[in-house]
Amino acid sequence: MSRPPRISFAAPESPRSARERHTIGLGLIGLGTVGTGTARVFVEHQHEIERRLGCRLELKHVCSRSILKRRDLAWLGRDVKRARDWREVLRDPGVDVAIELVGAPSTALTIARAALQAGKHLVTANKLLVAEHGRELAERSAQARVNLGIEACVAGGTPVLHAIREGLAGEHFKALFGILNGTTNYILTEMEQRGCSFREALAEAQARGYAEPNPALDVEGHDARYKIAILAMLGFGRSVRVRDIPVQGITRIEQVDFAYAHKLRHTIRLIGAAQQRGERLMVFVRPMMIPDAAQLAGVHGATNGILMVGSKGGNTMITGRGAGGEATGVAVLSDVVEIARTILAGGASTSPLGYMHWRPGKLAPVGDNVVGAYLRLVVRDRPGILSRVCTILARHGINIDSVLQEPGHSKSRLPFVMTLEPTREERVAGAVRDIRRLPFLAAPPLTMPFAELP
């Protein structure tokens, strides 16, 4: 009786050896502040990142329009290819993950679409791109079976998007409140702590590199508006049009407002908020009066803080650096690591926005909100001012909680404050329109709602 043929089996390759021979190539497009910061963090942390992954990461290609003029890139290494045209990076077969860090939104969108079409995994830090086109890019990445990383779009090096998408995926959020712009928070806390003016604090922020020469995007609240739109998408699975989100900046805040805020045991912060209102969301960006005891009141300087209010797990607060090339670079590379792990595991793409099925992003009018309000008036002093203001407020059905007046101000420009009992914001807006017409005003009225925070 013949024996069956002998069959030999090769020893299976261990997961460790399989990973060690795998190299994942990166292509970096854009060498501005964030791009250079990302590259420096990668060079310094490469070995530690590879220890986490168990495979090799290589920066294969970098792109900048001014690449030929730069003489300070020796630290990247001689093997890194350099290009002026981003298309060269996407054509490179050695690039698995394209990192888009270009400032211009239209160019960033073109690069993002081309990268996904070329089958490259994509990481971006462009908040405007994701706020305006996030759903489209998520759908394109799913169709191409590649991953899209967006962690650096909100709060820089603070991993808030990952926390919402992964760590709190089982939660049902009631609200998200955030100090989302480091520049404005630096300005406000300098005004509060040093007693300087808005202009003085802004000039110092510019000198430190926190604010651009044209700071309008930050101080008018538009940067925070892009970020709260992204947070609303991840937190509630609703796509919100950025242009529909009401926005108010900090340019009219004066040092005297902090003096009054302290008397009321509050402080002032620029807040981006998204709150559930039945089947709608209330989303806005504006300065608010924050209770001293609230967690967000303790967020100082160029720091971001996001408070997530859950229905089951309670409140979760995350703070950290929200600006700077290297801090943002950490977030960019966290996306690279997550994508690399997916590549190594042979997994399919995942949704960067946390939802596969979306609901209509209908916004509730902010005017329907019922809140107490801070009303600051600057007047040329004369008899009967308080009586006329009170008559207008009464006509709009608004009750006064208190009247405050700091001594020592000029009679020609005298500030005083009224705090208003909770009422619909549209009533306050109507009253302010009437107060604006009063002949003794030396400046337009300023209103801020009192935030009701846990």
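This text follows the structure it describes.
Keep in mind the model is a prediction, meaning the values are calculated, not measured.

Q: Can you walk me through the overall build of the chain in this structure?
A: Across its full length, the chain carries 14 helices and 15 strands. Structurally, the chain occupies a C-alpha span of about 115 × 60 × 35 Å along its principal axes. Residues classed as buried in the chain amount to 51% of the 454 residues present. In the chain, of all internal contacts separated by at least 6 residues, the share reaching a separation of at least 24 is 73%. For the chain, the accessible area works out to roughly 21600 Å², and carbon and sulfur atoms hold 48% of it. Between the averaged position of the 60 positive side-chain charges in the chain and that of its 44 negative side-chain charges there is a distance of 3 Å.

Q: What's the story with the layout of surface pockets in this structure? I'm lost.
A: The gaps of empty space that remain are located by a probe, the size of a water molecule, rolled over the atoms. Size it by volume and the largest pocket reaches roughly 1000 Å³. What lines the largest pocket is a set of 36 residues, among which T33, V34, K127, E212 and D223 lie closest to the centre. Those elements that place two or more of their residues in the lining of the largest pocket are α2 (33–53), α5 (127–144), α7 (182–194), α9 (216–219), α10 (222–236) and α12 (325–345). Each residue belonging to the lining of the largest pocket can be placed in one class, and the counts come to 14 nonpolar, 15 polar and seven charged. Counted as a void, the second largest pocket has a volume near 530 Å³.

Q: Whenever I open this one, the nonpolar core confuses me. Can you help?
A: Formed by 80 residues in total, the largest nonpolar core has its most connected members in V154, V160, I187, M191, I230, L231 and I253. Counting residues per element, this core draws most heavily on α10, which supplies 10 residues. With residues near it in sequence (within four places) discarded, L231 still touches V154, V160, L161, I164, L176 and L180. Within the second largest apolar cluster, 31 residues are counted, among which are L31, V80, A340 and L344.

Q: Looking at this structure, how should I read the sheet that holds strand β3 (residues 81–83)?
A: Strands pair in a sheet through their backbones, by hydrogen bonds, and they do so in one of two ways: parallel or antiparallel. Pairing is parallel across the open sheet formed by six strands, whose spatial order is β3-β2-β1-β4-β5-β6. Sheet topology places β3 and β6 (148–149) at the edges, where each strand pairs with a single neighbour. Pairing geometry for strand β1 (residues 23–29) and strand β4 (residues 97–100), over four bridges, is parallel. Bridging across to β4, I29 finds its partner in E100. Packed onto the sheet, α12 meets β1, β2 (56–63), β4, β5 (121–124) and β6 and runs at close to 165° relative to β5.

Q: Just to check I follow, could you spell out the pairing of strand β7 (residues 173–179) for this structure?
A: In the case of a regular strand, side chains alternate between the two sheet surfaces. Of all seven residues that make up β7, six are buried, and the element is covered over most of its length. Bridge count between β7 and strand β10 (residues 303–310): six bridges; the pairing is antiparallel. The partner of G178 across the bridge, within β10, is I306. Bridge analysis of β7 against strand β8 (residues 266–277) gives four bridges, and the strand direction is antiparallel. From the neighbouring strand, A175 faces β8, where its bridge partner is Q275.

Cut-offs used in this document
- Residues numbered from 1 in each chain as written.
- Predicted model: local features only at pLDDT ≥ 70, side-chain atom pairs only at ≥ 80, totals over all residues.
- Heavy atoms only, no water.
- Helix = DSSP H or I, 4+ residues; strand = E, 2+ residues; numbered from the N terminus.
- Buried < 20%, exposed > 50% of the residue type's maximum accessible area, 1.4 Å probe, protein only.
- Contact = heavy atoms within 4.5 Å.
- Areas by Shrake-Rupley, 256 points an atom, 1.4 Å probe, with all protein chains shown as cover.
- Lys, Arg positive; Asp, Glu negative; His and termini not counted.
- Charge placed at Lys NZ, Arg CZ, Asp CG, Glu CD.
- 1 Å grid on protein atoms, 1.4 Å probe; cavity = no way out; pocket = protein on both sides within 12 Å on 5 of 7 lines; lining within 4 Å.
- Points joined across faces, edges and corners; volume = space filled by probe spheres on them.
- Nonpolar A, V, L, I, M, F, W, Y, C, P; charged D, E, K, R; others polar.
- Core = buried A, V, L, I, M, F, W, Y, C linked by side-chain atoms within 4.5 Å.
- Pairing = 2+ DSSP bridges.
- Axes fitted to C-alpha atoms, helices over the stretch in contact; angles between N-to-C directions.

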